[in-house]
Amino acid sequence: MKKFDLELRVKTQGYVFSWGVYLQEKQGFPVMDNTTARDPETGEYVKKFPSHSAPNDELIVIVSSEGVVGGETTCTVIIDGTKREKKVIDKLTVPGYASEKYKI
């Protein structure tokens, strides 16, 4: 497994009551949620994972949120200092979650 620096940045819009970000290889509890510290300059929730590793050199990020229809939770994924183009966006239009897969 290759090691890499991972940074997750979450921004909410509309009426989002709670949210969680999960990494597939860390099943169970969210790696960050609405209690995570916010960056005072950007207003984003930020969490860094130095020397992170993922099976098969593939990272799967899952976002789940609860709130009022029309709300949205967006997770930006930064790997080794490079912001990935695809964002994980959970739109509160249907129950469930959103996920994206990233090659390392």
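Rules of the game
Residues numbered from 1 in each chain as written. Predicted model: local features only at pLDDT ≥ 70, side-chain atom pairs only at ≥ 80, totals over all residues. Heavy atoms only, no water. Helix = DSSP H or I, 4+ residues; strand = E, 2+ residues; numbered from the N terminus. Rg over C-alpha atoms; globule rule 2.2 N^0.38 Å. Buried < 20%, exposed > 50% of the residue type's maximum accessible area, 1.4 Å probe, protein only. Contact = heavy atoms within 4.5 Å. Areas by Shrake-Rupley, 256 points an atom, 1.4 Å probe, with all protein chains shown as cover. Patch = residues over 30% accessible without salt bridge, like charges linked within 9 Å, V, L, I, M, F, W, Y side chains within 5 Å. Salt bridge = Lys/Arg side-chain N within 4 Å of Asp/Glu carboxyl O. Pairing = 2+ DSSP bridges. Core = buried A, V, L, I, M, F, W, Y, C linked by side-chain atoms within 4.5 Å. Phe/Tyr/Trp six-rings, centres within 6.5 Å; stacked < 30°, edge-to-face > 60°. Lys NZ or Arg CZ within 6 Å of the ring centre and 35° of its normal.

**Topic: the overall build of the protein**
The helix and strand inventory of the protein stands at 0 helices and 9 strands. Listed N to C, the secondary structure of the protein is β-β-β-β-β-β-β-β-β in terms of helices and strands. Over its C-alpha atoms the protein spans a radius of gyration of 13 Å, differing by no more than 12% from the 13 Å that the globule rule assigns to 104 residues. With respect to the principal axes defined by its C-alpha atoms, the protein has extents near 40 × 30 × 25 Å. The proportion of buried residues among the 104 residues of the protein is 38%. Residue pairs in contact within the protein that sit at least 24 positions apart in sequence constitute 65% of those at least 6 positions apart. Working note: accessible area of the protein is about 6400 Å², and carbon and sulfur atoms make up 48% of it.

**With respect to a nonpolar patch on the surface**
A cluster of nonpolar residues, Tyr15, Phe17, Val68 and Val69, forms a patch on the protein surface that exposes about 470 Å² of accessible area. Topologically, phenylalanine 17 is positioned in strand S2 (residues 16-23).

**Focus on the sheet that holds strand S9 (residues 98-103)**
Across the sheet, which stays open at both edges, the 4 strands sit in the order S3-S2-S5-S9 with antiparallel pairing between neighbours. Strands with a single pairing partner mark the edges of an open sheet, and in this sheet they are strand S3 (32-33) and S9. Where strand S5 (residues 58-67) and S9 come together, 6 bridges link them in antiparallel fashion. Residue pairing in the sheet places valine 63 in a bridge with alanine 98 of S9.

**Thoughts on the nonpolar core**
The biggest cluster of nonpolar side chains holds 23 residues, and the ones touching the most others in it are Leu6, Leu8, Val21, Leu59, Val61, Cys75 and Val77. For this core, the secondary structure elements donating two or more residues are strand S1 (3-13), S2, strand S4 (45-53), S5, strand S6 (72-79) and S9. Apart from residues no more than four positions distant in its own chain, leucine 59 is found in contact with Phe4, Leu6, Leu23, Glu25, His52, Ala54, Val77, Ile79, Glu100, Lys101, Tyr102 and Ile104.

**Here we look at the environment of glycine 67**
Take glycine 67: it is sitting in strand S5. Residue glycine 67 is classed as partly exposed on the basis of its relative accessible area of 33%. Residues glycine 67 and glycine 14, spaced 53 residues apart in sequence, show a C-alpha to C-alpha distance of 8.5 Å. Discounting residues that sit within four places of it in the chain, glycine 67 has contacts with Tyr15, Val16, Phe17 and Leu92.

**Focus on the packing of aromatic side chains**
Counting across every chain of the model gives 1 aromatic pair. The lysine or arginine in question, lysine 86, covers the ring of tyrosine 102, its NZ or CZ lying 5.6 Å from the ring centre.

**Quick word on the pattern of salt bridges**
Under the criterion given, the structure shown has 6 salt bridges. Here aspartate 39 makes a salt bridge to arginine 9, at a shortest N to O gap of 3.9 Å. Taken as a pair, aspartate 39 in the loop between S3 and S4 and arginine 9 in strand S1 lie far apart in primary sequence, 30 residues in all. Note that glutamate 100 is salt-bridged to lysine 86, the shortest N-O span being 3.5 Å. In this pair, glutamate 100 is assigned in strand S9 and lysine 86 in the loop between strand S7 (82-83) and strand S8 (88-91), connecting sequence segments 14 residues apart. Classification of glutamate 100 by relative accessible area gives partly exposed; the value is 24%.

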